[in-house]
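Chain by chain, the residues:
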Amino acid sequence: MEQRSRTLLPAAAIIALGIMLGGYLLGDGLRRARRADRAVTVHGLAERNVTADLATWTLNYAEQNVDPAAAQADIARDTETLRRYFAALGFPAEALTPAGAGVSHLINNGVRTVTITQRLQLRTTDVARARAAVARQFELVRQGVQLQEGSGMSYSFTRLNAIKPAMVAAATRDARAAAEQFAQDSGTAVGGIRSASQGYFSVEARDGEGGGYGVADTPFKKVRVVTTVEFYLG
């Protein structure tokens, strides 16, 4: 009988230890489950002022005449005027490229009139020089070039990928700051990230910046991104 008791004692100890361990694990699991249910979702914002690094100016111009040959001569004169204008401002010849042309005919009271339209496009990374060119565009009008509607300058920021990582990090820090404020108000602490999603990047005109006559855009931009982050609360 005594031998049997000595045999059962270790088994009982093992069973008791198993029960204790199981209870601990169950309690820890419940605590973790409750912790997982405690989370806060916040938005983080990052903004950065940038300057465009590409300028594109599409110039639409036209000439009209009852004589097709004369209309062609006039449009050729306008094209040469434009090339001289940009050359005088220091742009290389290859910065200007043809972007299309068209011919239309109109008969009014038996008189046929031909209108020739043409487009030249300036594309340059010298944004400051491009701004100077568009600011002096009335010189072209005085020289007889009839710029048509839609002859606007467009400025683009092409280095977005270079600043994306830093901006996402900044937006995440902003989100954590908001979560910490929420946690402080509710008497808890902020833990790790449970989930996160990045919004789209927008590139818009900077506050207070806008275009004027003949300027479709501004080189002064603001890049903006919003992230949505869910943090654990301890």
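Residues numbered from 1 in each chain as written. Predicted model: local features only at pLDDT ≥ 70, side-chain atom pairs only at ≥ 80, totals over all residues. Heavy atoms only, no water.

## A look at the overall build of the protein chain
Helices and strands together make up the secondary structure of the protein chain, namely five helices and eight strands. If you list the helices and strands of the protein chain from N to C, you get α-β-β-α-β-β-α-α-β-α-β-β-β. Counting across all 234 residues of the protein chain, residues that qualify as buried make up 31%. Counted over contacts in the protein chain with a minimum sequence separation of 6, partners at least 24 positions apart contribute 78%. Total accessible area on the protein chain stands at roughly 14200 Å², and carbon and sulfur atoms take up 54% of it. (Helix = DSSP H or I, 4+ residues; strand = E, 2+ residues; numbered from the N terminus. Buried < 20%, exposed > 50% of the residue type's maximum accessible area, 1.4 Å probe, protein only. Contact = heavy atoms within 4.5 Å. Areas by Shrake-Rupley, 256 points an atom, 1.4 Å probe, with all protein chains shown as cover.)

## Thoughts on the side chain of T81
With respect to the secondary-structure elements, T81 resides in helix 2 (residues 68–88). Those residues in contact with T81, other than ones at most four positions away along the chain, are L140, Q143 and V145.

## Quick notes on the side chain of Q118
Looking at where Q118 falls in the secondary structure, it is placed in strand 4 (residues 111–124). Here T79 takes part through its side chain, which lies 3.3 Å from a polar atom of the side chain of Q118. (Polar contact = N/O pair within 3.5 Å; in protein donor to acceptor, adjacent residues only side chain to side chain.)

## Observations regarding helix 2
With 21 residues, helix 2 extends 30 Å from end C-alpha to end C-alpha; this agrees with the ideal 30 Å at 1.5 Å per step. Looking at the buried positions of helix 2, the neighbouring elements they touch are strand 2 (54–65), strand 3 (96–108), strand 4, helix 3 (127–135) and helix 4 (138–142). Of the residues trailing helix 2, G90 is marked for its positive phi of about 95°. (Expected span 1.5 Å × (residues − 1).)

## Here's the deal with the environment of S186
In this structure, S186 sits in helix 5 (residues 160–186). Judged by relative accessible area, S186 falls into the partly exposed class, the value being 39%. Separated by 47 residues in the primary sequence, S186 and L233 have C-alpha atoms spaced 9.9 Å apart. At a separation of 3.2 Å, a polar atom in the side chain of S186 contacts the side chain of T188.

## Observations concerning the nonpolar core
One finds W57, L82 and F86 to be the most contacted residues of the largest nonpolar core, which totals 26 residues. Of all the secondary-structure elements, those providing two or more residues to this core are strand 2, helix 2, strand 4, helix 3 and strand 5 (153–156). Sort the elements by how many residues they give to this core and helix 2 lands first, with five residues. Excluding its chain neighbours within four sequence positions, the residues that come into contact with F86 are W57, L59, F91, L96, L122 and A133. Of all hydrophobic cores here, the second largest spans ten residues; its members include V50, F157, L160 and V225. (Core = buried A, V, L, I, M, F, W, Y, C linked by side-chain atoms within 4.5 Å.)

## Observations concerning the sheet that holds strand 5
To summarise the sheet geometry, strands pair through backbone hydrogen bonds and adopt either a parallel or an antiparallel arrangement. Read from one edge to the other, the open sheet built from four strands follows the order 3-4-2-5, with strand pairing classed as antiparallel. Two strands bound the open sheet, and with one partner strand each, they are strand 3 and strand 5. Across the sheet, the mean angle separating the axes of adjacent strands is 15° when strand polarity is ignored. With respect to the sheet, helix 2 is in contact with strand 2, strand 3 and strand 4, its orientation differing from that of strand 2 by roughly 155°. (Pairing = 2+ DSSP bridges. Axes fitted to C-alpha atoms, helices over the stretch in contact; angles between N-to-C directions.)

## Digging into the pattern of salt bridges
Pairing between side chains of opposite charge can happen when the charged atoms of each approach one another. The full count for this structure, using the stated rule, is nine salt bridges. A salt bridge links R129 to D126; the shortest N-O distance between them is 2.8 Å. Assessed through its relative accessible area of 30%, D126 is described here as partly exposed. Between E230 and R194 there is a salt bridge, with its nearest N and O atoms 3.4 Å apart. With a gap of 36 residues between them, E230 in strand 8 (residues 220–233) and R194 in strand 6 (residues 190–198) connect regions that are remote in the sequence. Shared partners join several salt bridges into a network, and the residues in it are E63, D74, R77 and D78. (Salt bridge = Lys/Arg side-chain N within 4 Å of Asp/Glu carboxyl O.)

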